[in-house]
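This is what each chain is made of:
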Amino acid sequence: REMPTQQKLVFENDEQLNSILDDLKNNRSGNIRTRRNGRDYLALYEPLRAEQTLLMLFVPIENLIMPALQSAENALSSTDRYVNSLIPFSALLVAVIMFLAFVGSRRFVKPINDLVAAVNRVGEGDFSTRVAIKTGDEFEQLGNAFNALMPQLEEHTRVRQDLAVARAVQQRLLPEAPPDFPGIELAGHTLYAEQTGGDYYDFIPLDKSKGHRLGIVLGDVAGHGVASALMMASVRALLHGSVNTFSSPAATLNHINQNLADDLHAGQFMTLFYLIFDPQKKLLTWVDAGHDPAIIYSPRDDKISYLAGEDIPLGVDQDWLYKHDSETITKPDDIYMLGTDGLWETKSSAGEQFGKQRLENMLRQHHADPVATICQKVLDEIAQFRGDQHQQDDISLVIFRFGDIQAAALSQDT
């Protein structure tokens, strides 16, 4: 019953007091957060019926958040208990996983190591290497495939080695260098599309008893590869065995054709251009057995002409009789070019063919150079035109130019 001691209500700032007074004036309830006697409070107020009177309740902030703090502490305590109980189980689980990983890795790594070791032995040339993988899964299938591949790889390697030998042998069938023949400047080159091919060129000094003459040959077997190389070698053997037996190029090709036709299957043939240079008579005699004509560029009158014939390729008709053509050399500075179709049929990345027009333009542009230089420039231009495209066909080129034929003939007579 004792009257409490009245206390003056003091707020932190005038804004809080003004806010309460404004709510009291408008009969509104509300709350503010304030500080009294060093403690934080939440003050809730409600206007009473009595005019200009309100009921205000001060609740310490810590009383409001205490239940939440206690709940959080309880949750943390429960979590700690669960974590402590899971640690032994987790350690056991990690140990089991590590054991399974070790066993599994042994299962997977060992077959891989066996395959790697086997591949290394094969790389050293041991094609008898085999692997024994019995895992009953994809590794066993891979091991079986490896074992099945080895005989095929050994055979493929043997074939490549044989082709390398064949290439070396065939390269020796071509001239190592042009002969030093009086009155003529010579150059020639062959690029095979594969290890071996069917293109053939040659410079053959003929029997001096029949006059000091030079045979120039360029041929192209249909197709390329091993079969074409064998046919090319056969024609070369027949040619070298008969050039000094027969006096004319037509008779020589008749002999070759008759011997060749019996040994060829349908669709096999060889085009050949065979020319004989006689410096004493200043005479060219040739047979064009289905080959493209020789291109001639005359610097004196800037004209292009051709040496051509009308005969068929070798091996097509055994009874065919070849005929030769001849002409007198009147312009010693003329440049002659013989080529196989791999030259002008070379394609760029855009599918455009090199064409004969470019070859003729190169003869015009470089006619004053040595023929060996012209030959190399043509090959370089072909390679640049082809770019990164694979060479599709064999390429052969022979270029020659006559010099002082009269002096050459006199030196031979001497």
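Rules and cut-offs
Residues numbered from 1 in each chain as written. Predicted model: local features only at pLDDT ≥ 70, side-chain atom pairs only at ≥ 80, totals over all residues. Heavy atoms only, no water. Helix = DSSP H or I, 4+ residues; strand = E, 2+ residues; numbered from the N terminus. Rg over C-alpha atoms; globule rule 2.2 N^0.38 Å. Buried < 20%, exposed > 50% of the residue type's maximum accessible area, 1.4 Å probe, protein only. Contact = heavy atoms within 4.5 Å. Lys, Arg positive; Asp, Glu negative; His and termini not counted. Charge placed at Lys NZ, Arg CZ, Asp CG, Glu CD. Phe/Tyr/Trp six-rings, centres within 6.5 Å; stacked < 30°, edge-to-face > 60°. Lys NZ or Arg CZ within 6 Å of the ring centre and 35° of its normal. Axes fitted to C-alpha atoms, helices over the stretch in contact; angles between N-to-C directions. Parallel < 35°, antiparallel > 145°, perpendicular 65-115°, else oblique. Left-handed = near helix turned anticlockwise from the far one by under 90°. Nonpolar A, V, L, I, M, F, W, Y, C, P; charged D, E, K, R; others polar. Pairing = 2+ DSSP bridges. Core = buried A, V, L, I, M, F, W, Y, C linked by side-chain atoms within 4.5 Å. Salt bridge = Lys/Arg side-chain N within 4 Å of Asp/Glu carboxyl O.

**Student:** I'm lost on the overall build of the protein in this one. Help?
**Tutor:** In terms of helices and strands, the protein carries 9 helices and 13 strands. The C-alpha atoms of the protein give a radius of gyration of 50 Å, which is well past the 22 Å a tight globule of 414 residues would have. The buried share of the protein, reckoned over its 414 residues, is 37%. Restricting the contact set of the protein to residue pairs at least 6 apart, pairs at least 24 apart contribute 63%. Here the protein holds 37 positive side-chain charges and 56 negative ones, and the gap between their average locations is 9 Å.

**Student:** Quick question: what am I supposed to make of the packing of aromatic side chains here?
**Tutor:** Under the counting rule described, the total for this entry stands at 8 aromatic pairs. An angle of 85 degrees between the planes, with centres 6.1 Å apart, marks the rings of Tyr 41 and Phe 58 as edge-to-face. Of this pair, Tyr 41 sits in strand 2 (residues 39-47) while Phe 58 sits in strand 3 (residues 54-60), and the two are 17 residues apart along the sequence. Put simply, the rings of Phe 181, Phe 277, Tyr 336, Phe 400 and Phe 402 pair up and form one aromatic cluster. Over the face of the ring belonging to Phe 354 we find Arg 358, whose NZ or CZ atom lies 5.6 Å from the ring centre.

**Student:** Help me out: how do you make sense of the packing of helix 4 (residues 226-242) against helix 5 (residues 249-261) in this one?
**Tutor:** When two helices pack together, their arrangement is given by the angle between the helix axes and by the axis-to-axis distance. In the contact formed by helix 4 and helix 5, the axes pass within 10 Å of each other and the chain directions differ by 135 degrees. Of the possible angle classes, the one that applies to helix 4 and helix 5 is oblique. The hand of the helix 4/helix 5 crossing is right-handed. On the side of helix 4, the interface is formed by Met 231, Val 235, Leu 238, Leu 239 and Ser 242, while helix 5 contributes Thr 252, His 255, Ile 256, Asn 259 and Leu 260. Of the residues assigned to the contact of helix 4 with helix 5, the class counts are 6 nonpolar, 4 polar and no charged.

**Student:** What am I meant to see in the sheet that holds strand 4 (residues 184-191) here?
**Tutor:** Sheet strands pair via backbone hydrogen bonds, and the direction of the pair is either parallel or antiparallel. Taken together, 5 strands build an open sheet; the order of strands is 4-13-12-9-10 and the sheet is antiparallel. Whereas interior strands pair on both sides, the edge strands pair on one side only; in this sheet they are strand 4 and strand 10 (303-307). Going across the sheet, the axis of each strand differs from the next one's by a mean of 20 degrees, ignoring polarity. Taken together, the 5 bridges between strand 9 (residues 294-298) and strand 10 define a ladder with antiparallel strand orientation. Residue pairing in the sheet places Ile 295 in a bridge with Tyr 306 of strand 10. Where helix 7 (residues 355-366) meets the sheet, its contacts fall on strand 9, strand 10 and strand 12 (335-339), and the angle it forms with strand 9 comes to roughly 35 degrees. Packing of helix 8 (residues 371-386) onto the sheet brings it into contact with strand 4, strand 12 and strand 13 (395-402), and relative to strand 13 it is tilted by some 150 degrees.

**Student:** Looking at this model, I keep getting lost on the nonpolar core. Mind explaining?
**Tutor:** Side chains of nonpolar character tend, in soluble globular proteins, to be buried together. Core analysis: the largest hydrophobic core is formed by 48 residues, its most contacted members being Ile 184, Ile 216, Leu 253, Leu 284, Leu 307, Leu 314 and Phe 400. No other element matches the 7 residues that strand 7 (residues 270-278) contributes to this core. What Leu 314 contacts, discounting residues up to four positions off in sequence, is Met 231, Val 235, Leu 253, Ile 256, Asn 257, Leu 260, Phe 269, Met 270, Leu 272, Ala 289 and Tyr 322.

**Student:** What is the right way to read the pattern of salt bridges from this model?
**Tutor:** Pairing is possible between side chains that carry opposite charge, provided their charged atoms lie close to one another. One pass over the full model with this rule turns up 13 salt bridges. We note a salt bridge from Arg 28 to Asp 23, for which the minimum N-O separation is 2.9 Å. Residue classification places Arg 28 among the partly exposed positions, given a relative accessible area of 36%. The buried category is assigned to Asp 23, whose relative accessible area is 10%. In this structure, a network of salt bridges that share partners links the residues Asp 22, Asp 23 and Arg 28.

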